[in-house]
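What the coordinates show
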Amino acid sequence: MPKVPRRPPQLRGRVFRGSTAVSRGLLTRNDLRSSAWRPLFRDVYADAQVTVTHTIRCAAVGRWLVPPDAAIAGRAAAGLYGCAKPIANEPVDVLVPVATRIGPTAGIRVHHGEIDPGDTAVRAGVRVTSPARTCWDLARWLDVIEAVVVIDALLASRQTTVPALREYALSRAGRRGWRSLLRAVDLADAGAESPQESRTRVRLVLAGLPRPETQWVVAEHGRFVARLDLAWPQFKVAVEYDGLWHDDPEQFHRDRQRLNRLLGGDWIVLHVTARRFREDFDGFLAEVRAALRARSRFPR
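These notes cover the structure that comes with them. Because the structure is a prediction, the values reported are computed rather than measured. (Residues numbered from 1 in each chain as written. Predicted model: local features only at pLDDT ≥ 70, side-chain atom pairs only at ≥ 80, totals over all residues. Heavy atoms only, no water.)

**Considering the packing of helix H7 (residues 162-170) against helix H8 (residues 178-187)**
Condition: Lines are fitted to the C-alpha atoms to define the axes, a helix being fitted only along its stretch in contact, and any angle between axes, read from their N-to-C directions, falls within 0 to 180 degrees. Secondary structure counts use DSSP, requiring at least four H or I residues in a row for a helix and at least two E residues in a row for a strand, with both numbered from the N terminus. Here the word oblique covers every angle except those under 35 degrees (roughly parallel), over 145 (roughly antiparallel) and from 65 to 115 (roughly perpendicular). It is the rotation of the near helix from the far one that decides the hand of a crossing: anticlockwise by less than a right angle makes it left-handed, clockwise makes it right-handed. Throughout, a residue-residue contact means that at least one pair of heavy atoms, one from each residue, lies within 4.5 Å. All residues other than Ala, Val, Leu, Ile, Met, Phe, Trp, Tyr, Cys, Pro, Asp, Glu, Lys and Arg, Gly among them, are scored as polar; the first ten of these are nonpolar and the last four charged.
Two numbers describe how H7 lies on H8: the axes approach to 9 Å, and their chain directions differ by 165°. Comparing their axes, H8 and H7 come out roughly antiparallel. Here the hand of the crossing between H7 and H8 comes out left-handed. Listed contacts from H8 to Val162, Leu165, Arg166, Tyr168, Ala169 and Leu170 of H7 are Trp178, Leu181, Leu182, Val185 and Asp186. Of the residues contributing to the contact of H7 with H8, the split by class is nine nonpolar, no polar and two charged.

Next comes the structure, spelled out in structure tokens:
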């Protein structure tokens, strides 16, 4: 009969340092290799019955693996603010002061930089970069589209505001990344309701199209008709991103019903799916251009 792994009650449901558990006599090094425990980082383990989330991994990094003057940063920080959804095993971004040395650790992405007063906060018991500093780092570390995706979410959740981010960037004029933050903020919109809506909007604007309104409400004789993901109301042209929520047949039916009411009027509503976004965005862009051109003197 296989030996049942040791599971001391003190460690059940916990994340812990392996060396501490061994020094306290709770486990042996051999016990740590059993199926009862899951390694998260070097010398950090979790009860295998715990569902390990990115938040749990961030907490472990902040508690045991980085200096006290470091902070969880980037997408990891945005996740702790509830404004990004990193997958559980995504590397944890950490911002470390320039003068502080830290060795490489699997599962941690270390960035060195100056940390100004007010650049950190505590979230879920973890030291993280402030919302404004998080946006600055995102603008420096990611391409502009992916940076805007997370900045949109931070704006939508009221963690920060466009004026506050502009002021933050301008107060750091001349430092690396301040122009990148201004550019990302100029493209950001708190009205985006999903990452793919953000990506679609930013790609359209970067392609030279006029900036669309987000979540535009269409009413008729004072009565609600529809709310559109992206719209150019002056031209009555709209874009809808068909995302995963349309796996719900009833939601799909309701969405199509409301859009049919628009199509029965004089709106042009164009749809982009995940596959079209991924494989034929240029073709979709040409369709949007054609619709706008048909309704206006928008240039080719």
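Alright, that's what it looks like, and here's the rest.
**Here we look at the packing of helix H6 (residues 144-156) against helix H9 (residues 195-206)**
One can describe the packing of H6 onto H9 by two numbers: an axis separation of 9 Å at closest approach and a directional angle of 130°. Here H9 runs oblique to H6, going by the angle between their axes. Handedness of the H6/H9 crossing: right-handed. Listed contacts from H9 to Val144, Ile145, Glu146, Val148, Val149 and Asp152 of H6 are Pro195, Ser198, Arg199, Arg201, Val202, Arg203 and Leu206.

**Quick notes on the pairing of strand S5 (residues 92-96)**
Defined as follows: Residue burial is assigned from relative accessible area. The probe radius is 1.4 Å, only protein chains are included, and a residue is buried under 20% of its type maximum, exposed over 50%, and partly exposed in between. What makes two strands pair is DSSP finding at least two bridges between them.
The element S5 is largely enclosed, with a buried count of five among its five residues. Neither face of S5 is exposed, since Val92, Val94 and Val96 on one face and Asp93 and Leu95 on the opposite face are all buried. With two bridges connecting them, strand S4 (residues 71-72) and S5 associate as antiparallel partners. Along S5, the bridge assignment pairs alanine 71 with leucine 95. Examined bridge by bridge, S5 and strand S6 (residues 108-112) share five bridges and lie parallel to one another. Of the residues in S6, the one forming a bridge with valine 94 is valine 110.

**Quick word on unusual backbone geometry**
In this structure, alanine 124 is a non-glycine residue whose phi angle is positive, near 55°. Checked against the element boundaries, alanine 124 lands in the loop between strand S7 (120-123) and strand S8 (126-129). Owing to a relative accessible area of 63%, alanine 124 belongs among the exposed residues under this scheme. Its identity as a non-glycine residue notwithstanding, glutamine 215 has a phi of 50°, on the positive side. Considering the arrangement of structural elements, one finds glutamine 215 in strand S9 (residues 213-220). A residue is classified by how much of its surface remains accessible, and glutamine 215, at 14% relative accessible area, is buried.

**Overview of the sheet that holds strand S12 (residues 268-273)**
Here four strands make up an open sheet; going across it, the order is S9-S10-S11-S12 and the pairing mixed. Of all strands in the sheet, those with a lone pairing partner are S9 and S12, marking the two edges. If you compare each strand with its neighbour and ignore which way they point, the axes differ by 45° on average. As paired strands, strand S10 (residues 223-232) and strand S11 (residues 237-242) are joined by three bridges and run antiparallel to one another. Bridge pairing links alanine 231 to alanine 238 in S11. Strand contacts of H9: S9, S10, S11 and S12, with the helix running at about 55° to S10, the strand carrying the most contacts. Relative to the sheet, helix H12 (residues 281-295) contacts S10, S11 and S12, its axis offset from that of S12 by approximately 170°.

**As for the nonpolar core**
Note the cut-off: Among buried residues, the Ala, Val, Leu, Ile, Met, Phe, Trp, Tyr and Cys ones that are joined through side-chain atoms within 4.5 Å form a nonpolar core.
The biggest cluster of nonpolar side chains holds 50 residues, and the ones touching the most others in it are Phe41, Val61, Ile72, Val92, Val94, Ile151 and Leu181. When residues in this core are grouped by element, the largest group, eight residues, is from H6. Those residues within four positions of isoleucine 151 in sequence are excluded, and the remaining contacts are Cys135, Leu165, Leu181, Ala184 and Ala188.

**Thoughts on the side chain of arginine 57**
What counts, and what does not: Charge assignment in this entry is limited to Lys and Arg as positive and Asp and Glu as negative, and neither His nor the chain termini are counted. For salt bridges, the criterion is a side-chain nitrogen of Lys or Arg within 4 Å of an Asp or Glu carboxyl oxygen.
Note that arginine 57 resides in helix H3 (residues 54-65). As a buried residue without a salt bridge, arginine 57 has its nearest oppositely charged side chain in glutamate 90, at a separation of 8.0 Å.

**A short note on the environment of isoleucine 151**
With respect to the helices and strands, the residue isoleucine 151 is situated in helix H6. Along the primary structure isoleucine 151 and alanine 139 are separated by 12 residues, whereas in three dimensions their C-alpha atoms are 8.9 Å apart.

**Some points on the side chain of aspartate 137**
Position of aspartate 137 relative to the elements: it lies in helix H5 (residues 131-141). Contacts of aspartate 137, omitting those with residues within four sequence positions, involve Ala73, Leu95 and Thr129.

**Structural notes on the packing of aromatic side chains**
Condition: Centre distance within 6.5 Å is the pairing criterion for rings of Phe, Tyr and Trp, where only the six-membered ring of Trp is used; planes under 30 degrees apart are then read as stacked, over 60 as edge-to-face, and the remainder as tilted. For a ring to carry a charge above it, either NZ of a lysine or CZ of an arginine must fall within 6 Å of the ring centroid while also lying within 35 degrees of the normal to the ring plane.
Applying the stated criterion across every chain, the model contains five aromatic pairs. With a centroid separation of 5.3 Å and 90° between ring planes, the pair formed by phenylalanine 16 and tryptophan 37 is classed as edge-to-face. With phenylalanine 16 in strand S1 (residues 15-17) and tryptophan 37 in strand S2 (residues 37-41), the pair connects residues that are 21 residues apart, well separated along the chain. For phenylalanine 16, a relative accessible area of 5% puts it in the buried group. Note on phenylalanine 277 and phenylalanine 281: the rings are 5.3 Å apart at their centroids and 75° apart in plane angle, and the pair reads as edge-to-face. Each member of the pair, phenylalanine 277 together with phenylalanine 281, is buried. Here the aromatic residues Phe16, Trp37 and Tyr45 are joined through ring pairs into a cluster of three or more. The ring of tryptophan 136 carries the charged tip of arginine 140 above its face, separated from the ring centre by 5.1 Å. Over the ring of phenylalanine 281 we find arginine 203; its NZ or CZ atom is 4.0 Å from the centre of that ring.

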